[in-house]
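Tertiary structure, described
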Amino acid sequence: MQIAHQRERELLVQAGLKLVEQGLVARTWGNISVKISEAEMLITPSGRFYEDLTPSDMVLVNFKTNTYDKTGIKPSSEFKLHSGIYNDRKEFSAIIHTHQMNASTCAAARIEVPAVLDDLAQIIGPSVRCAEYAPSSSKKIVRKTVKALRGRNAALMANHGAVCAGRDLDEAFAVCQVLEKGCKAFIEAKFLGEAKHLKKFEAWAMHQVYLKKYSKIAKKKK
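Reading the values: the criteria
- Residues numbered from 1 in each chain as written.
- Predicted model: local features only at pLDDT ≥ 70, side-chain atom pairs only at ≥ 80, totals over all residues.
- Heavy atoms only, no water.
- Helix = DSSP H or I, 4+ residues; strand = E, 2+ residues; numbered from the N terminus.
- Contact = heavy atoms within 4.5 Å.
- Buried < 20%, exposed > 50% of the residue type's maximum accessible area, 1.4 Å probe, protein only.
- Pairing = 2+ DSSP bridges.
- Axes fitted to C-alpha atoms, helices over the stretch in contact; angles between N-to-C directions.
- Parallel < 35°, antiparallel > 145°, perpendicular 65-115°, else oblique.
- Left-handed = near helix turned anticlockwise from the far one by under 90°.
- Nonpolar A, V, L, I, M, F, W, Y, C, P; charged D, E, K, R; others polar.
- Expected span 1.5 Å × (residues − 1).
- Phe/Tyr/Trp six-rings, centres within 6.5 Å; stacked < 30°, edge-to-face > 60°.

Before going further, it helps to spend a moment on the environment of Gln 22. Relative to the helices and strands, Gln 22 resides in the loop between helix H1 (6-21) and strand S1 (31-35). Considering only alpha carbons, one finds Gln 22 and Gln 100, 78 residues apart in sequence, at a separation of 9.2 Å. Apart from the residues within four sequence positions on either side, Gln 22 is in contact with Phe 173 and Gln 177.

Next up, the structure:
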């Protein structure tokens, strides 16, 4: 018997395996969600290995009220972070929270990563801000991360990891990949003496062109 939102559930299973394969998470850390309506999302469960997940393990959560079926599987402990982002950024339909190595290194340094690469400016924005430290699953971490993400498609979370978002799962994954590449380039350029970055207006303009061009392509595919 087919369960509701079968396709989206299967996409989340595949996304979890992809996260592990690409080294963006380990064991049960990190989480992924997709928005399925203007009030609901499907999110990966709490404390499960990605390799063992099935479509029925994905948890349906109302991100307007932060409610879900308490008799079933529990959603990721960071589900309120996803809710906060969906409520603040209507354009996003997929969110990935990772503990990827280079982004986590920059998050540990609590620094804002400038647009040191063209593709970082295009797909993420003029920079990658680092949200102020707050305990996991707290109201503060939601508030600080949502703020750091404004005008961007990714943000670092101090001493924790990163959050990446997009208009679909493919875009959210591209954000994860470009974030890791950009953070690696930034760290290594620092060792070479100085990380030279694009001017803020140029980086902002590149991001706007990307957003508008992507939207036109997405509409043609529908």
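Burial along strand S3 (residues 59-62) is one-sided: the face carrying Val 59 and Val 61 is buried and the face carrying Leu 60 and Asn 62 is not. Pairing analysis gives four bridges linking strand S2 (residues 40-43) to S3, with the strands arranged antiparallel. The partner of Met 41 across the bridge, within S3, is Val 61.

Looking now at the packing of helix H2 (residues 79-88) against helix H5 (residues 139-149). Two elements in contact, H2 and H5, have axes whose closest approach is 9 Å; the angle formed by their N-to-C orientations is 40°. Comparing the axis directions of H2 and H5 gives the class oblique. The two elements H2 and H5 meet at a crossing, and its hand is right-handed. Only Ile 141, Val 142, Thr 145, Val 146 and Leu 149 of H5 make contact with H2, whose side of the interface consists of Lys 80, Leu 81, Gly 84, Ile 85 and Asp 88. The residue inventory of the contact of H2 with H5, partitioned by class, reads six nonpolar, two polar and two charged.

What follows deals with H1. A rise of 1.5 Å per residue sets the reference length of H1, with its 16 residues, at 22 Å; its end C-alpha atoms lie 23 Å apart and thus fit the reference within 8%. Each element contacted by the buried residues of H1 is listed here: S1, S2, strand S5 (94-98) and helix H6 (169-191). Of the residues flanking the end of H1, it is Gly 23, one or two places downstream, whose phi is positive at about 70°.

Below, the discussion takes up unusual backbone geometry. One non-glycine residue, His 5, lies in the positive phi region at around 60°. A relative accessible area of 31% means that His 5 is categorised as partly exposed.

What follows is about the sheet that holds strand S10 (residues 161-166). By definition, the strands of a sheet pair up through backbone hydrogen bonds, in either a parallel or an antiparallel sense. As summarised here, the arrangement of the eight strands in space is S4-S3-S2-S1-S5-S10-S9-S8, forming an open sheet in which the pairing is mixed. The two strands at the open ends of the sheet, each matched to only one other strand, are strand S4 (67-68) and strand S8 (130-131). Here S1 pairs with S2 via three bridges, running antiparallel. Its bridge partner lying in S2, Ser 33 is registered against Ile 43. Along the sheet face, H5 touches S8, strand S9 (154-157) and S10 and points at about 140° away from the line of S9.

Attention shifts here to the packing of aromatic side chains. Enumeration over the complete set of coordinates arrives at two aromatic pairs. On the basis of an interplanar angle of 40° and a centroid distance of 5.4 Å, the ring pair of Phe 63 and Tyr 86 is categorised as tilted. Taken together, the positions of Phe 63 in the loop between S3 and S4 and Tyr 86 in helix H2 put the pair 23 residues apart, joining distant regions of the chain. There is no split in this pair, since Phe 63 and Tyr 86 are both buried. Considering the side-chain rings of Tyr 68 and Phe 79, the 5.6 Å spacing of their centres and the 80° angle between planes classify their relative orientation as edge-to-face. Placement of Tyr 68 in strand S4 and of Phe 79 in helix H2 is noted, with a sequence separation of eleven residues between them.

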